[in-house]
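Secondary and tertiary structure notes
One letter stands for each residue in the lines below.
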Amino acid sequence: HDADGQRPDLRCHHPGALHLEGCTAPGAEQALRSAIIAAPRWFKPHWTLARLLALSGRMQEALAEARLAVDCGGARFTEVTETLHQLEPERAGKP
C-alpha cells in the first residue's frame, strides 16, 4: 500500500477494466500490460488480458496469459481456471 492506502498494482489494473468497458482494446491492453509490469505475480491482470486477447482472436497469447494467471494464484478461482480450460486447444476441440 502506498500513502493513500491503495495498492499501486490495483490502480494500474483499474484503467484496463475501464477501457474494457469502453471497448477500447488497445488502451485496455496497454493498461493491463502496465499492471503486469507493476505486479507480475498478481493473477488478475494476466487473467483479464487473457480474456481481452481471446476476444481479439489472439488465442496463443491468450492461452499463455491464462496459464500465467493460474500459476500466479488464480487457480483458486473457478472463473480463472474456466478461462484457461476454454482456451486450451484440446478442450476447445482444436488440434
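Our subject is the structure that appears above.
All of the points below concern the structure found in this document. (Residues numbered from 1 in each chain as written. Predicted model: local features only at pLDDT ≥ 70, side-chain atom pairs only at ≥ 80, totals over all residues. Heavy atoms only, no water.)

1. Thoughts on the nonpolar core
Grouped burial of nonpolar side chains is what soluble globular proteins tend to show. In terms of nonpolar packing, the biggest core is built from 20 residues, with Phe-43, Leu-49 and Val-80 touching the most fellow members. For this core, the element with the highest residue contribution is helix α3 (residues 43-55), accounting for 6 residues. Look past the residues within four positions of Leu-49 in its chain and what remains in contact with it is Glu-29, Leu-32, Arg-33, Ile-36 and Glu-65. (Core = buried A, V, L, I, M, F, W, Y, C linked by side-chain atoms within 4.5 Å. Buried < 20%, exposed > 50% of the residue type's maximum accessible area, 1.4 Å probe, protein only. Helix = DSSP H or I, 4+ residues; strand = E, 2+ residues; numbered from the N terminus. Contact = heavy atoms within 4.5 Å.)

2. A short note on the packing of aromatic side chains
Under the counting rule described, the total for this entry stands at 1 aromatic pair. Each ring, one from Phe-43 and one from Phe-77, has its centre 5.0 Å from the other, and the planes form 20 degrees; the classification is stacked. With a gap of 34 residues between them, Phe-43 in helix α3 and Phe-77 in the loop between α4 (59-71) and α5 (78-87) connect regions that are remote in the sequence. On the basis of relative accessibility, which here comes to 9%, the residue Phe-43 falls in the buried class. The ring of Trp-47 carries Arg-51 above its face, with NZ or CZ at 4.2 Å from the centroid. (Phe/Tyr/Trp six-rings, centres within 6.5 Å; stacked < 30°, edge-to-face > 60°. Lys NZ or Arg CZ within 6 Å of the ring centre and 35° of its normal.)

3. Description of the environment of Ala-69
Note that Ala-69 resides in helix α4. Overall, Ala-69 belongs to the buried group, its relative accessible area being 0%. With 12 residues separating them in the primary sequence, Ala-69 and Thr-81 have C-alpha atoms 8.6 Å apart. Every residue in contact with Ala-69, bar those within four places of it in the chain, is listed here: Phe-43, His-46, Trp-47, Gly-74, Ala-75 and Val-80.

4. A short note on the pattern of salt bridges
One pass over the full model with this rule turns up 4 salt bridges. Here Glu-29 ties to Arg-58 by a salt bridge, and the two come within 2.8 Å at their closest N and O atoms. With Glu-29 in helix α2 (residues 25-38) and Arg-58 in the loop between α3 and α4, this pair connects stretches of sequence that are 29 residues apart. Residue classification places Glu-29 among the buried residues on the basis of a relative accessible area of 17%. Assessed through its relative accessible area of 28%, Arg-58 is described here as partly exposed. In this structure, Glu-61 and Arg-33 form a salt bridge, with 3.8 Å as the shortest nitrogen-oxygen distance. Placement of the pair is Glu-61 in helix α4 and Arg-33 in helix α2, with a sequence separation of 28 residues. (Salt bridge = Lys/Arg side-chain N within 4 Å of Asp/Glu carboxyl O.)

Read these as layout, nothing more, since geometry by itself doesn't imply function.
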